[in-house]
Amino acid sequence: MLPREPNLAPFDGELYWLSPFYAKEQADAYFQRLSEQLDWQQEELFIYGRRLKVPRLMAWYGDEDAHYRYSGVDHQPQAWTNDLLALKADMDAICGQIFNSVLANLYRDGQDSMGCHADNEKELGLHPIIASLSFGDSRLLRFRHNKTRQKLDVELAHGDLLLMAGNLQQHWRHELPKTRKPKQPRINLTFRHIILSH
Ligand SMILES: O=C(O)CCC(=O)C(=O)O
Ligand SMILES: [Fe+2]
């Protein structure tokens, strides 16, 4: 069950934007506590033998068995916090599925970013629903269609919820570009359902 919002994707996938989903006071409280309570780490990547710092802070939470590979590294989730469980309950209800993990990203300023990618890892399945919550300063999320190169910009603000579904990840990539505009910190949470293989 997805919300009765217009689908922003013109073709090849589903994209729903609920702006805002949490009212300001509640979003303020979540932003404050998530900033202080999550175990934010700066990851390192090795590319062609060079060590690079990922330009943002990250943390991975979820059920004990919900392992996930990103940036080429297997990540063991940390145990859910009370706030993440409360947010997960809202996401489970609106999406009609049970999420078992969340990737948290903290963009400290306009120089923090995320490169172009699709969330198409095989452990997410072919048609994943990904529920993305934003807190803090607004940032541009840019989608681009793999074949037509069509561009779709969404300015994600404090308390917004963006739902990506259907075959969106197979046909579109997305990125959070750096910006020269002065930016305060932003937290993004992407709730995911990892399909467990036994
Ligand atoms: O920060 C965002 O809004 C995007 C995050 C994202 O694409 C991801 O975590 O896969
Ligand atoms: Fe993503």
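No experiment lies behind these values; they were computed from the predicted model shown.

How each quantity is defined
- Residue positions are given per chain, counted from 1 along the sequence in the order it is written.
- Note on labels: chains are lettered from A, ligands numbered from 1, in written order.
- It should be noted that, the model being predicted, local features are given only for residues of pLDDT at least 70 and side-chain atom pairs only at 80 or more, the latter also being counted only at that level, while totals for whole chains, interfaces and linings use all residues.
- In these notes, a nonpolar core means any group of buried Ala, Val, Leu, Ile, Met, Phe, Trp, Tyr and Cys residues linked to one another through C-beta atoms within 7 Å.
- The burial criterion counts other C-beta atoms lying within 10 Å of a residue's C-beta, which is placed from the backbone; the residue is buried at 20 or more, exposed at 12 or fewer, and partly exposed between these limits.
- We call two residues in contact whenever the C-beta atoms placed from their backbones are within 7 Å.
- Counting from the N terminus, the helices are DSSP H or I runs at least four residues long and the strands are E runs at least two residues long.
- Between any two strands, at least two bridges found by DSSP are needed for them to pair.
- UniProt positions are given in the numbering used here, feature names are shortened, and annotations may be inferred rather than shown by experiment.
- Note on geometry: axes are lines fitted to C-alpha atoms, helical ones only across the stretch in contact, with angles between N-to-C directions running from 0 to 180 degrees.

Chemist: Would you explain the nonpolar core in this entry?
Modeler: Across soluble globular proteins, you tend to see nonpolar side chains buried next to one another. In this structure, V102, A104, A131, F135, L163, I187 and L189 are the most contacted members of the largest nonpolar core, which totals 41 residues. The residues touching L163, leaving out its near neighbours within four places in the chain, are L2, Y16, C95, I129 and A131.

Chemist: So what exactly am I meant to see when it comes to the pairing of strand β14 (residues 186-192) here?
Modeler: Looking along a regular strand, one sees side chains alternate from face to face of the sheet. When you tally the buried positions in β14, you get six out of seven residues, the bulk of the element. Across seven bridges, the pairing between strand β7 (residues 101-107) and β14 is antiparallel. Residue Y107 lies in a different strand from β14, and its bridge partner there is R186. Sheet topology places strand β9 (residues 130-136) next to β14; six bridges connect them, and they run antiparallel. The partner of S134 across the bridge, within β14, is N188.

Chemist: Explain the UniProt feature "domain: Fe2OG dioxygenase" (unreviewed entry) in the chain here, please?
Modeler: The UniProt feature table records "domain: Fe2OG dioxygenase" (unreviewed entry) at residues 98-195. Helix makes up 4% of residues 98-195 and strand 49%, with an end-to-end C-alpha separation of 11 Å.

Chemist: Would you explain the sheet that holds strand β12 (residues 161-165) in this entry?
Modeler: The antiparallel open sheet is built from six strands, whose spatial order is β1-β12-β9-β14-β7-β4. Every other strand in the sheet has two partners, leaving β1 (14-18) and β4 (57-62) as the edge strands with one partner each. Ignoring strand direction, the axes of neighbouring strands in this sheet form an average angle of 15°. The sheet strands contacting helix α1 (residues 24-37) are β9 and β14, and the helix crosses β9 at an angle near 90°.

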